[in-house]
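Descriptive analysis of the structure
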Amino acid sequence: MVVHSGLCICFWNANGLTHKIHDLRTFVDEKRPDLLLLQETKIKNIFSPYLPNYTFYHQDGPQSPLSGGTGFFVKSNLNHVELFVPNLNYVSNTIVKISLANQPSIVIASIYVPCQVNSRFLDDLDKILKLNNSVIMCGDFNAHHTSWNCKRINATGKAIYKYAHCKNLEILAPPTPTRYGPNSATTIDLALTKNFAYRYKIESIPDLASDHNPVILNFDFNIVPLIVNRQKVSTNWDNFKNRLNKNVKIIFPKILNSNDLENEVNKIMSDITNAYNNSSRPLKHLEEL
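Cut-offs used in this document
- Residues numbered from 1 in each chain as written.
- Predicted model: local features only at pLDDT ≥ 70, side-chain atom pairs only at ≥ 80, totals over all residues.
- Heavy atoms only, no water.
- Salt bridge = Lys/Arg side-chain N within 4 Å of Asp/Glu carboxyl O.
- Buried < 20%, exposed > 50% of the residue type's maximum accessible area, 1.4 Å probe, protein only.
- Axes fitted to C-alpha atoms, helices over the stretch in contact; angles between N-to-C directions.
- Helix = DSSP H or I, 4+ residues; strand = E, 2+ residues; numbered from the N terminus.
- Left-handed = near helix turned anticlockwise from the far one by under 90°.
- Contact = heavy atoms within 4.5 Å.
- Nonpolar A, V, L, I, M, F, W, Y, C, P; charged D, E, K, R; others polar.
- Pairing = 2+ DSSP bridges.
- Phe/Tyr/Trp six-rings, centres within 6.5 Å; stacked < 30°, edge-to-face > 60°.
- Core = buried A, V, L, I, M, F, W, Y, C linked by side-chain atoms within 4.5 Å.

The protein chain carries the name RNA-directed DNA polymerase from mobile element jockey in an unreviewed UniProt entry, which gives Araneus ventricosus as its organism.

Description of the pattern of salt bridges
Scanning all chains against the criterion turns up five salt bridges. Across the pair lysine 31 and glutamate 30 runs a salt bridge, and its minimum N-O distance is 3.5 Å. Judged by relative accessible area, glutamate 30 falls into the exposed class, the value being 53%. Of the charged contacts, one joins lysine 167 and aspartate 126 as a salt bridge, the two residues approaching to 3.3 Å between their closest N and O atoms.

Description of the packing of helix H2 (residues 121-129) against helix H3 (residues 155-167)
In contact at an axis separation of 11 Å, H2 and H3 are set at 35 degrees when each is read in the N-to-C sense. Two packed elements cross with a definite hand, and for H2 against H3 that hand is right-handed. Contact residues: H2 offers Phe121, Leu122, Leu125, Asp126 and Leu129, while H3 offers Thr156, Ala159, Ile160, Tyr163 and Lys167. The class makeup of the residues in the contact of H2 with H3 is seven nonpolar, one polar and two charged.

Re the sheet that holds strand E12 (residues 189-194)
Taken in spatial order, the six strands line up as E5-E6-E7-E8-E12-E9 in an open sheet, and their pairing is mixed. For this open sheet the edge positions go to strand E5 (79-83) and strand E9 (170-172), each flanked by a neighbour on one side alone. Here the average twist between neighbouring strands, direction ignored, is 20 degrees. The sheet contacts of H2 involve strand E6 (92-99), strand E7 (106-112), strand E8 (135-140) and E12, and relative to E8 the element is tilted by about 140 degrees.

As for the packing of aromatic side chains
Tallied over the entire structure, the rule returns nine aromatic pairs. For the pair phenylalanine 196 and tyrosine 198, a centre-to-centre distance of 5.1 Å together with 65 degrees between the ring planes defines the contact as edge-to-face. Look at phenylalanine 196 and phenylalanine 219: their rings are 4.8 Å apart centre to centre, the planes differ by 90 degrees, and that puts the pair in the edge-to-face class. Taken together, the residues phenylalanine 196 in the loop between E12 and strand E13 (199-204) and phenylalanine 219 in strand E14 (residues 215-220) connect sequence positions 23 residues apart.

Notes on the nonpolar core
Proteins that are soluble and globular tend to have nonpolar side chains buried together. Core analysis: the largest hydrophobic core is formed by 27 residues, its most contacted members being Ile111, Phe121, Leu125, Ile128, Met137, Phe141 and Ile160. Those elements giving two or more residues to this core turn out to be E7, H2, E8, H3 and E12. Looking at this core, the element that brings in the most residues is H2, giving five residues. Not counting residues within four places of it along the chain, the set of residues in contact with methionine 137 comprises Ala109, Ile111, Leu125, Ile128, Leu129, Leu190, Ala191 and Leu192. Among the nonpolar cores identified, the runner-up in size contains 25 residues, and Leu35, Val96, Leu217 and Phe221 belong to it.

This is the structure we're talking about:
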């Protein structure tokens, strides 16, 4: 299995994919994401989109067909499986679980939350979060909040902000808007992460034909302890302990020289740091331990 030094996720509200697949192929050839998450695909049953070297999944979602459903392109060489969550009432979703070398499994979900949604949509997000220890949800949440550079706060944005704080989730948003209207620009395409505290870069890319920009989220798996920059973090120590118990194998290796000793020490330190990074998140502005 290939060892990945990072993970590139692109997510985009296509507002209809059928007549945009050729432009999307050009975009993917240039950006080469590991995963491409789509919202409001509006795909008819007779149309099956194709990208070379990717596998496609699609779900219509619990809303009316007008919401368009969600989709998911995954690089075919990634070890993955599609997951299904029954009895979701409000949130459109397509979900995949991926397994990378030297990494815990990751559940990644393409999410669409309708504009006018019942506050119980958070129950749907809860069910998705319970699928795995590490979860990344990306998509169009239709959530406005000044914490991610919107000019106003709507009910969905307020609910997600409070929900993320209560569930120890991190909200990732690009510094520039993701959706453009005739007289407006706002950020409603976001990522929510659970137990996935790797360093990242997130950008809104002015490309492709839609009222939404595609968003590219790059995670860096090169292990750099968060404490290096003296950044305050919140750590789930139960999760840290569970990761160590699951991933660290206590053996007595045969050490013949100093290089052998250094390699074994590096392995242990890597396991400990990896567990720490996956169990910690940076504190939000004004948040205290």
